[in-house]
Amino acid sequence: MKKIIVCLLFLGTMHSMDAQKINLGKAAGIVSNGAKALTFTNEDAIKLSKESVNWMDKNNPVAGPKDPYTVRLNKLFGKHKSQDGLNLNYKVYKVKDINAFACADGSVRVFSSLMDIMTDNELLAVIGHEIGHVKNQDTKDAMKSAYLKAAALDAASSASSAVATLNDSQIGKMANAFLDASHSKKQESEADTYSYDFMKANKYDVVGAYSAFKKLALLSEGSKQSGFEKMFNSHPDSEKRAQAIKKRAEKDGLWKDPGTVSIPTTKLTK
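Residues numbered from 1 in each chain as written. Predicted model: local features only at pLDDT ≥ 70, side-chain atom pairs only at ≥ 80, totals over all residues. Heavy atoms only, no water.

Below, the discussion takes up the packing of aromatic side chains. Applying the stated criterion across every chain, the model contains 6 aromatic pairs. Ring geometry for Tyr 210 and Trp 255: centres 4.8 Å apart, planes at 85°, overall edge-to-face. Taken together, the residues Tyr 210 in helix α8 (residues 207-219) and Trp 255 in the segment after α9 (238-251) connect sequence positions 45 residues apart. Accessibility expressed as a relative area gives 8% for Tyr 210, which makes it buried. (Phe/Tyr/Trp six-rings, centres within 6.5 Å; stacked < 30°, edge-to-face > 60°. Helix = DSSP H or I, 4+ residues; strand = E, 2+ residues; numbered from the N terminus. Buried < 20%, exposed > 50% of the residue type's maximum accessible area, 1.4 Å probe, protein only.)

Next comes the structure, spelled out in structure tokens:
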């Protein structure tokens, strides 16, 4: 099974009896030659993001309003439906993949297996990071690339600068390609900063960002491969990033040693 890379966040695999693999269409294996001809606006990114998320919502198990996963997520992010000028909506996918992503239309999707291994503060940091990618408009280029792949555009078909309407199969391919997007070190660093500032401004424990990266570093170790796929491939150097967060927290007088960080063997409920 192809690894799913966070549109702007996490991945891996954890055993869960009541979950399944996320359902995505097969990514189109082409690269467009017509990228330069296309006029791609923020409005286009928002429209195509909504179409992609709607497709995923229909093709994957979404936790209901009374599901414990939904209750927990709403408890954490209920007051962040409007964040930094963004109107956000949150849902949980009950799937085995460890992941989360946010899109230009304000959709935030968190995978249940990520919630199984992350504490509340770690989830706040992770999703804050994803919101940072949206706020910084990192998703725009990712969606443009995904659209071009799904629409199979090439030099001959790119005479029009307008975004075309995609069929259902193409939308599924676009969703997959979007989640395969990676970001530059600068974009990741800026999203890390946004997450830290989000935590600090809302008086959350910023050490949660540190321990989240420590867990990602553990998941990337070869000894963990039997139980987990390598997580956060689009966010390399998790250990270095954890130490960068620690350094900033110490400077701000917010550092509290969490002790040894480990991957939980039972699902976390809080």
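In this section: the confidence of the model for the chain. For the chain, the average pLDDT comes to 78, and 75% of its residues sit at 70 or higher. In this model, residues 1-18 is a region of pLDDT below 50 whose contacts with residues beyond four sequence positions or in other chains number 92 contacts. Note that residues 25-36 has pLDDT below 50 and, in this model, 28 contacts with residues that lie over four places away or in other chains. (pLDDT = per-residue confidence, 0-100. Contact = heavy atoms within 4.5 Å.)

What follows concerns the pattern of salt bridges. Within this structure, the stated rule accounts for 13 salt bridges. With a closest N to O distance of 2.7 Å, Arg 241 and Asp 192 form a salt bridge. One end of the pair, Arg 241, is in helix α9; the other, Asp 192, is in helix α7 (residues 185-201), with 49 residues separating them in the sequence. Assessed through its relative accessible area of 16%, Asp 192 is described here as buried. Through salt bridges with shared partners, a single network forms among Asp 197, Lys 200, Arg 248 and Asp 252. (Salt bridge = Lys/Arg side-chain N within 4 Å of Asp/Glu carboxyl O.)

Residues Leu 73, Phe 77, Tyr 90, Val 110, Leu 114 and Ile 127 are the most contacted members of the largest nonpolar core, which totals 44 residues. If you look at the next biggest cluster of nonpolar residues, it comprises 27 residues, including Met 56, Ala 151, Leu 166 and Ala 181. (Core = buried A, V, L, I, M, F, W, Y, C linked by side-chain atoms within 4.5 Å.)

Attention now moves to the packing of helix α5 (residues 138-151) against helix α6 (residues 168-179). Where α5 meets α6, the closest approach of the two axes is 8 Å, and the angle between their N-to-C directions is 140°. By the angle class used here, α5 and α6 are oblique. Classified by chirality, the crossing of α6 by α5 is right-handed. Counted together, Thr 139, Ala 142, Met 143, Ala 146, Tyr 147, Lys 149, Ala 150 and Ala 151 of α5 and Gln 170, Lys 173, Met 174, Ala 177 and Phe 178 of α6 form the full contact between these two elements. A per-class count over the contact of α5 with α6 returns 9 nonpolar, 2 polar and 2 charged. (Axes fitted to C-alpha atoms, helices over the stretch in contact; angles between N-to-C directions. Parallel < 35°, antiparallel > 145°, perpendicular 65-115°, else oblique. Left-handed = near helix turned anticlockwise from the far one by under 90°. Nonpolar A, V, L, I, M, F, W, Y, C, P; charged D, E, K, R; others polar.)

Right, let's get into the environment of Val 62. Residue position: Val 62 is located in the loop between α1 (42-59) and α2 (68-77). Through-space distance from the C-alpha of Val 62 to that of Val 110 is 10.0 Å; in sequence the pair is 48 residues apart.

With that out of the way, let us pick up unusual backbone geometry. Here Asp 84, not a glycine, exhibits a phi torsion of approximately 55°, which is positive. Note on placement: Asp 84 falls in the loop between β1 (82-83) and β2 (86-87). Since its relative accessible area comes to 39%, Asp 84 is described here as partly exposed. Phi is positive for Lys 203, which is not a glycine, with a value near 60°.

Before going further, it helps to examine the sheet that holds strand β3 (residues 89-93). Within a sheet, adjacent strands bond to each other through the backbone by hydrogen bonds, running parallel or antiparallel. Spatial strand order, β3-β5-β4: 3 strands in an open sheet with mixed pairing. Of all strands in the sheet, those bounded by a partner on one side alone are β3 and β4 (100-102). For this sheet, the mean angle separating the axes of adjacent strands, direction not counted, is 15°. Summarising the sheet, β4 and strand β5 (residues 107-111) pair through 3 bridges and their orientation is antiparallel. Paired with Phe 101 across the two strands is Arg 109, which belongs to β5. Docked against the sheet, α2 engages β3 and β5, running at close to 150° with respect to β3. (Pairing = 2+ DSSP bridges.)

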